[in-house]
Amino acid sequence: QLPLTQYKQTVAQDLSYVRETLRHKLAEYNVHPATALSVSKTEQGSIQLDGKIPDQVRERIQQDLNNNRGFGEALSRLSVTEPTLHFMDNALKLNQAYGVNNSLLDSLLSDNQQFNGLQDVIHRYDSLKRNANSGQSDFGNSAQRYAFNLNTRA
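Here the structure is a predicted model, which means the values were calculated and not measured.

Enquirer: Any chance you could explain the overall build of the protein here in plain terms?
Expert: Helix and strand content of the protein: six helices and three strands. Ordered by position from N to C terminus, the α and β elements of the protein give α-β-β-α-α-α-α-α-β. In the protein, which comprises 154 residues, the proportion classed as buried is 35%. Taking the contacts inside the protein whose residues are at least 6 apart along the sequence as the reference set, 62% of them involve residues at least 24 apart.

Enquirer: What is the right way to read helix α1 (residues 4-28) from this model?
Expert: Given a rise of 1.5 Å per residue, 25 residues ought to cover 36 Å, and the 36 Å separating the end C-alpha atoms of α1 matches this to within 8%. Buried residues of α1: Leu 4, Tyr 7, Val 11, Asp 14, Leu 15, Val 18, Thr 21, Leu 22, Lys 25 and Leu 26, and no others. Downstream of α1 by a residue or two, Asn 30 has a phi angle that is positive, lying close to 55 degrees.

Enquirer: Looking at this model, I keep getting lost on the side chain of Lys 25. Mind explaining?
Expert: In this structure, Lys 25 sits in helix α1. Beyond its immediate sequence surroundings of up to four residues, Lys 25 is in contact with Ile 61, Asp 64 and Leu 65.

Rules used throughout
- Residues numbered from 1 in each chain as written.
- Predicted model: local features only at pLDDT ≥ 70, side-chain atom pairs only at ≥ 80, totals over all residues.
- Heavy atoms only, no water.
- Helix = DSSP H or I, 4+ residues; strand = E, 2+ residues; numbered from the N terminus.
- Buried < 20%, exposed > 50% of the residue type's maximum accessible area, 1.4 Å probe, protein only.
- Contact = heavy atoms within 4.5 Å.
- Expected span 1.5 Å × (residues − 1).

Right, here's the structure in full:
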């Protein structure tokens, strides 16, 4: 059994921090609170903000976010933890609905529950992605393309 609830609580702390920081920045710069934003990291590691806001305001918010070390660290953690958590959650839901095990999820888990912490599973998931494609497709690059979206619908 995976402690999925515990994993979700760990990720929720970073999600909440990033969401609230963005909401405060919108308020600070008098931008409508329902404005859709997308925050990601460039290949150089700086934070990039996209949204329908004036360029000058976007650049100022982006600069503030780049100067906020805690925000950058939380976004970096989310770029790894959130996709892995979504994969595990979906695999377990499909398992429950159809009674079929997901062989990829099974390969990520250890028989010893002590080694099934979120960081352990994330490490094995990332290693598997890197080894599976060796950079030949987009599968191994999800962390680079990760974007946190605020006020958007999937």
